[in-house]
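# Observations on chain architecture
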Amino acid sequence: RYNFQSIVNKPKGAFALIKALQYNSTINELALCRIGSNGVMSLVRALEHNDIAITSMDLGRAIHNERGYTSAGNEVAAGFANILLSKTSSLETLNLENSGIDDAGAAALARALKKNSTLKSLVISGNRVGSDGTVALAGALRCNNTLSSL
């Protein structure tokens, strides 16, 4: 388990780490914070286009209070929704706490949860999810038999 929450707190460091993950198959848990939406989206792209065997991703506060916070949060949620829909996804734990996600981001995650069979824990507390996003997530729970913590 590698925890970079206090080490990698600048986008430059995050980009270097993400690039290294494309060639490393032994790291399976990753925790990053304050890397900004560009750093998080680089990570999403790396996960989408490479066979990176991360099972636990903690991105709580990775883009917290950034300009464009909600649109960035929804972009991150949509990116992870695509990863969860991938047949090669090994993600079991995803923390997107305090990431600016609103109903649109929650709806994207809900669509993925309907088909995903690997994710066991999703943390989205501290976001701006309202009743529409909650309804979408509740609908996804009717179809998902893997998620045990929300």
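For the structure, check the block above.
Note that the structure is predicted; figures quoted are calculated from it, not measured. (Residues numbered from 1 in each chain as written. Predicted model: local features only at pLDDT ≥ 70, side-chain atom pairs only at ≥ 80, totals over all residues. Heavy atoms only, no water.)

## Quick word on the overall build of the protein chain
When you go through the protein chain residue by residue, the secondary structure sums to five helices and five strands. Helices and strands appear in the protein chain in the N-to-C order β-α-β-α-β-α-β-α-β-α. The long-range share in the protein chain, meaning contacts at least 24 apart out of those at least 6 apart in sequence, stands at 82%. As displayed, the protein chain has an accessible area near 7,600 Å², and 48% of this comes from carbon and sulfur atoms. (Helix = DSSP H or I, 4+ residues; strand = E, 2+ residues; numbered from the N terminus. Contact = heavy atoms within 4.5 Å. Areas by Shrake-Rupley, 256 points an atom, 1.4 Å probe, with all protein chains shown as cover.)

## Digging into the side chain of Asn116
Relative to the helices and strands, Asn116 resides in the loop between α4 (103-113) and β5 (121-123). A polar atom in the side chain of Asn116 sits 2.8 Å from the backbone oxygen of Leu84. Separated by 2.7 Å, the side chain of Asn116 and the backbone nitrogen of Leu119 make a polar contact. (Polar contact = N/O pair within 3.5 Å; in protein donor to acceptor, adjacent residues only side chain to side chain.)

## So, the environment of Leu47
Assignment of secondary structure puts Leu47 in helix α2 (residues 36-49). Taking relative accessible area as the criterion, Leu47 reaches 12% and is therefore assigned buried. Expressed as a C-alpha distance, the spacing of Leu47 and Ser86, which sit 39 residues apart in the sequence, is 10.0 Å. (Buried < 20%, exposed > 50% of the residue type's maximum accessible area, 1.4 Å probe, protein only.)

## Describing the environment of Gly126
Within the secondary structure, Gly126 sits in the loop between β5 and α5 (131-143). Judged by relative accessible area, Gly126 falls into the partly exposed class, the value being 48%. Spatially, the C-alpha atom of Gly126 lies 8.8 Å from that of Ile101, the residues being 25 residues apart in sequence.

## A word on unusual backbone geometry
For Asn98, which is not glycine, the phi dihedral falls at a positive 50°. Looking at the element boundaries, Asn98 is found in the loop between β4 (93-95) and α4. Asn98 sits in the buried class, given a relative accessible area of 9%.

## Focus: the packing of α4 against α5
Between α4 and α5, the least distance of the axes is 8 Å, while the angle of their chain directions is 5°. Here α4 is positioned roughly parallel relative to α5, judged by the angle of their axes. Facing α4, whose interface residues are Asp103, Ala106, Ala107, Ala110 and Leu113, α5 presents Ser131, Asp132, Gly133, Ala136, Leu137 and Ala140. (Axes fitted to C-alpha atoms, helices over the stretch in contact; angles between N-to-C directions. Parallel < 35°, antiparallel > 145°, perpendicular 65-115°, else oblique.)

## A look at α5
An α-helix turns once every 3.6 residues. As a result, residues three or four positions apart point the same way. In this model, α5 (13 residues) spans 19 Å end to end at C-alpha, consistent with the 18 Å of a helix rising 1.5 Å per residue. Residues of α5 that are buried include every one of Gly133, Leu137, Gly139 and Ala140, and no others. Along α5, the residues classed as buried sweep out an arc of 155° about the axis, all on the same side. Exposed positions of α5 whose direction lies more than 90 degrees from the buried face are Ser131, Val135 and Arg142. (Expected span 1.5 Å × (residues − 1). Arc of directions from axis to C-beta.)

## Quick word on the side chain of Ser56
Structurally, Ser56 can be placed in strand β3 (residues 56-58). When sequence neighbours within four positions are dropped, the list of residues in contact with Ser56 reads Asn28, Glu29, Leu30, Leu91 and Thr93.

## Remarks on the nonpolar core
Residues Val40, Leu43, Met57, Leu59, Phe80 and Leu96 are the most contacted members of the largest nonpolar core, which totals 42 residues. For this core, the secondary structure elements donating two or more residues are α1 (11-21), α2, α3 (69-85), α4 and α5. The element best represented in this core is α3, accounting for seven residues. Residue contacts for Leu96: discarding those within four places in its chain leaves Leu59, Val76, Phe80, Ile101, Leu109, Val123, Ile124 and Asn127. (Core = buried A, V, L, I, M, F, W, Y, C linked by side-chain atoms within 4.5 Å.)

Coordinates in, geometry out; function isn't part of it.
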